[in-house]
Amino acid sequence: MLITLYTVLAITAVFAGVPNQDESKRMMDHLSDAEHYRNEHHNKQFDHDAFLGEDQAKTFDQLSPEESKRRLGIIVDKIDSDSDGFVSLVELKDWIRYTQKRYIEEDVERHWKQHSPNHDDLIPWETYKKNVYGFMEDMTNNELRNAEGATYTNLMKRDRRRWHYADGDQDDALNRTEFGWFLHPEDHSGMRDVVVLETMEDIDKDKDGKVSLEEYIGDMYKPEEGDVAEDEPDWVKQEREQFTGYRDTNKDGYMDEREVKEWIAPPEFDHAEAEARHLVFEADSDADEKLTKDEILDKYDLFVGSQATDFGEALARHDEF
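Residues numbered from 1 in each chain as written. Predicted model: local features only at pLDDT ≥ 70, side-chain atom pairs only at ≥ 80, totals over all residues. Heavy atoms only, no water.

Colleague: Got a minute to help me understand the overall build of the protein chain in this structure?
Modeller: Secondary structure summary: the protein chain contains 16 helices and eight strands in total. Every one of the 321 residues in the protein chain was classed for burial, and the buried ones make up 45%. Residue pairs in contact within the protein chain that sit at least 24 positions apart in sequence constitute 62% of those at least 6 positions apart. As presented, the protein chain carries roughly 17000 Å² of accessible surface, and 49% of it is formed by carbon and sulfur atoms. (Helix = DSSP H or I, 4+ residues; strand = E, 2+ residues; numbered from the N terminus. Buried < 20%, exposed > 50% of the residue type's maximum accessible area, 1.4 Å probe, protein only. Contact = heavy atoms within 4.5 Å. Areas by Shrake-Rupley, 256 points an atom, 1.4 Å probe, with all protein chains shown as cover.)

Colleague: Explain helix 8 (residues 176-183) to me, please; I cannot follow it from the model alone.
Modeller: Side chains of residues three or four places apart in an α-helix project in the same direction, reflecting 3.6 residues per turn. Turning to helix 8, its buried residues number three or more, namely Glu178, Phe179, Gly180, Phe182 and Leu183. Summarising the contacts, the buried residues of helix 8 are in contact with helix 4 (89-115), strand 4 (123-124), helix 5 (125-133), helix 7 (147-166) and strand 5 (173-174). One side-chain oxygen of the residue at the start of helix 8 lies 3.1 Å from the amide nitrogen of threonine 177, identifying that residue as asparagine 175. (Polar contact = N/O pair within 3.5 Å; in protein donor to acceptor, adjacent residues only side chain to side chain.)

Colleague: So what exactly am I meant to see when it comes to helix 1 (residues 44-52) here?
Modeller: For helix 1, the buried fraction is high: eight of the nine residues fall into the buried class. Glycine 53 sits one or two residues past helix 1 and shows a positive phi near 90°.

Colleague: Even after reading the chapter, I still don't get the pattern of salt bridges, so can you show me in this structure?
Modeller: As a working rule, side chains carrying opposite charge can pair if their charged atoms are close by. Enumeration according to the criterion identifies 18 salt bridges in this entry. Glutamate 67 serves as the salt-bridge partner of arginine 71, at 2.8 Å between the closest nitrogen and oxygen. One end of the pair, arginine 71, and the other, glutamate 67, are both in helix 3 (residues 65-79), four residues apart, so they sit about a helical turn from each other. The class of arginine 71 is partly exposed, set by a relative accessible area of 31%. Notably, a salt bridge pairs arginine 240 with glutamate 232, separated by 2.8 Å at the nearest N-O pair. Salt bridges linked by common partners bring Arg158, Arg161, Glu201 and Asp202 together as one network. (Salt bridge = Lys/Arg side-chain N within 4 Å of Asp/Glu carboxyl O.)

Colleague: Which parts of the structure should I look at to understand the packing of aromatic side chains?
Modeller: Working definition: an aromatic ring pair is given by the centre-to-centre distance plus the angle between the planes. Under the counting rule described, the total for this entry stands at 15 aromatic pairs. Each ring, one from tyrosine 128 and one from phenylalanine 182, has its centre 5.2 Å from the other, and the planes form 85°; the classification is edge-to-face. On the criterion of sequence distance, the pair formed by tyrosine 128 in helix 5 and phenylalanine 182 in helix 8 is long-range, its members being 54 residues apart. With a relative accessible area of 0%, phenylalanine 182 lands in the buried category. Taken together, the ring pairs in this structure connect Trp112, Trp125, Tyr128, Trp163, Phe179 and Phe182 into an aromatic cluster. Across from the ring centre of tyrosine 254, 4.1 Å away, lies the NZ or CZ of lysine 210, which sits over that ring. A cation sits over an aromatic face here: lysine 290 above phenylalanine 86, 4.2 Å from the ring centre. (Phe/Tyr/Trp six-rings, centres within 6.5 Å; stacked < 30°, edge-to-face > 60°. Lys NZ or Arg CZ within 6 Å of the ring centre and 35° of its normal.)

Colleague: What should I look at first to understand the side chain of arginine 102 in this one?
Modeller: With respect to the helices, strands and loops of the structure, arginine 102 is situated in helix 4. On the basis of relative accessible area, arginine 102 is assigned to the buried category, the value being 18%. Contact partners of arginine 102, with chain neighbours within four places excluded, come to Leu52, Gly53, Asp55 and Gln56.

Colleague: Before we go on, may I ask you to explain the packing of helix 3 against helix 4 in this structure?
Modeller: Working note: a packed helix pair is described by the angle between its axes plus the distance between those axes. One can describe the packing of helix 3 onto helix 4 by two numbers: an axis separation of 10 Å at closest approach and a directional angle of 110°. Classified by the angle between their axes, helix 3 and helix 4 sit roughly perpendicular to one another. Listed contacts from helix 4 to Ile75, Lys78 and Ile79 of helix 3 are Glu91, Leu92 and Trp95. In terms of residue class, the contact of helix 3 with helix 4 is built from four nonpolar, no polar and two charged. (Axes fitted to C-alpha atoms, helices over the stretch in contact; angles between N-to-C directions. Parallel < 35°, antiparallel > 145°, perpendicular 65-115°, else oblique. Nonpolar A, V, L, I, M, F, W, Y, C, P; charged D, E, K, R; others polar.)

Have a look at this one:
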């Protein structure tokens with residue numbers, strides 16, 4: 001069974017909503033909440049989210065294949081900024097950056113309105129805390145001590161710390177820019193340290209301040225009952241080699257905080273460019289390193305979803321269990 005590798009416990013909570021551990025992601029692949037590869041299989045939902053933005057990707061999932069293709073054709077014309085009939089790697093990269101920026105801005109605006117209905121310039125921590133965690137005041141001591149209550153308490157502590165990191169002037173209230181950093185720390189370099197801390201807390205099960213090989217593998221893969229080491233998929237064996245050969249740079253058998261940071265937030269890594277290269281590689285039938293409109297439409301289900309692809313992905317997910 002594959003366990004979410006690219007998620008951290010972080011809240012992008014809605015007003016009056018209960019925090020959900022699975023609503024956000026690690027920095028490694030922050031173009032989508034979906035995993036790019038699941039059980040060794042390519043997950044096109046990741047590409048849909050990266051190409052369209054998560055909000056628009058959901059819209060396309062409800063369209064007929066014909067309408068999905070038609071709308072994709074309109075988008076391709078927009079991406080081809082120099083109107084030369086080709087989508088270059090640079091044009092595709094710029095488009096992905098644009099869609100992700102738009103998605104983040106719209107997401108921040110939606111949450112800002114929920115937490116600041118009077119259009120105030122700042123959201124104080126106590127206001128956010130009441131909106132998101134106010135229900136905890138009605139929980140009994142026993143409820144706060146059980147597993148669910150402890151989870152909420154830990155999530156609130158984590159949010160409190162992230163709030164502090166995002167609060168540039170340390171007035172315990174966030175302006176809209178700072179609130180964006182709080183909701184999407186992967187999009188702001190100054191928030192990387194807190195994302196590393198959150199990742200360490202998630203993976204470091206024995207709380208010794210470092211990540212062992214088994215903790216690293218356990219975050220991605222949980223064998224079925226009765227499985228032996230020889231039954232591990234090849235990709236898990238490859239991850240073991242990645243850990244010992246590359247992740248553990250000082251060869252002490254563990255990843256410390258610095259090594260975890262290099263893993264989840266590698267310097268100079270451009271997520272948008274990596275995704276653009278992946279899409280060109282998959283769709284470039286004549287291998288000229290640029291895409292025609294026909295090449296994109298021929299592989300439309302790589303770029304966008306539809307009712308048909310959404311149904312197919314649902315069946316695939318069902319078959320995994």
